[in-house]
Amino acid sequence: MSARDKIKNAIIQNKPSAVELPKIPLFLEEEQNAIETFSRMVELVGGSVIELSTLSEINEFVQSRFSDTHKIASSIVYSTIDVNEDCPHYLLEKIDLAILEGVIGVAENGAVWLPEKNMLHRALPFITQHLLLVLKKENIVANMHYAYEKVAEINYGVFISGPSKTADIEQSLVIGAHGARSLTVILTN
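Residues numbered from 1 in each chain as written. Predicted model: local features only at pLDDT ≥ 70, side-chain atom pairs only at ≥ 80, totals over all residues. Heavy atoms only, no water.

Three- or four-residue spacings in an α-helix give side chains the same orientation, since the helix completes a turn every 3.6 residues. For helix α3 (residues 55–65), every residue scored as buried is listed here: I58, N59, F61 and V62. Taken down its axis, α3 places every buried residue within 160° of arc, on the same side. Residues of α3 that are exposed and point more than 90 degrees away from the buried face comprise E60 and S64. Looking at the buried positions of α3, the neighbouring elements they touch are β1 (48–51), β2 (72–74), β3 (97–101), β6 (130–136) and β11 (182–188). (Buried < 20%, exposed > 50% of the residue type's maximum accessible area, 1.4 Å probe, protein only. Helix = DSSP H or I, 4+ residues; strand = E, 2+ residues; numbered from the N terminus. Arc of directions from axis to C-beta. Contact = heavy atoms within 4.5 Å.)

Given below as structure tokens:
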């Protein structure tokens, strides 16, 4: 018997028996003030939250807050640029404002789950200058454990929390360095 076979047999004979993996608790807890906590956390990470009821109110907000914005991509309200998954990158980089529908909000960290089907294009939430995420209040959950339970069957998506930021450059915080310069979450009923 070769040395290699001896080592292989020794490993097989000394293989420990299988042990069941530990059960990980979900840490599911109810958030008493989920909307308030979510709003506070979004603002803490540099974003803003407003509450609006109708699409016409959202349109009015966009027109007043982003009146100098000309290139808007959205599947929710009016759009000036048609964006889809085949859209060329040179067109994407010129978009000033993206208005997209978030699916889940997470109170503990102010993150919003954005599935690929709501992005119009995978790069859009990251390449736009300003990002508006529309989210139903009823879809705010207490923590990431609840959120992951809800997104378990979705193929691709991203949790977005606040505008892009970095403090790598001379330890100075820079907003909008690698993505959207601002994030606004619009909470609806």
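For the rest of this paragraph, the subject is unusual backbone geometry. At L120, a position not held by glycine, the phi torsion is positive, near 70°. Tracing the sequence through the fold places L120 in the loop between β5 (111–115) and α5 (124–127).

Here five strands make up an open sheet; going across it, the order is β1-β11-β6-β3-β2 and the pairing parallel. With one partner strand each, in any of the chains shown, β1 and β2 form the two edges of the open sheet. Pairwise comparison of adjacent strand axes, ignoring direction, gives a mean angle of 20° for this sheet. Looking at chain direction, β2 and β3 are connected through three bridges and run parallel. Bridge assignment links I72 to a residue of β3, and that residue is L97. Contacting β1, β6 and β11, helix α2 (residues 34–44) crosses the sheet at an angle of about 140° to β1. (Pairing = 2+ DSSP bridges. Axes fitted to C-alpha atoms, helices over the stretch in contact; angles between N-to-C directions.)

The next subject is the sheet that holds strand β8 (residues 157–160). Pairing within the open sheet is mixed, and its four strands lie in the order β7-β4-β5-β8. Bordering the open sheet on either side are β7 (140–141) and β8, each of which pairs with just one other strand. Sheet topology places β5 next to β8; four bridges connect them, and they run antiparallel. Following the sheet pairing, L114 is matched in β8 by V158. Across the sheet, helix α6 (residues 144–151) lies against β4 (104–106), β5, β7 and β8, angled at about 160° from β4, the strand it touches most.

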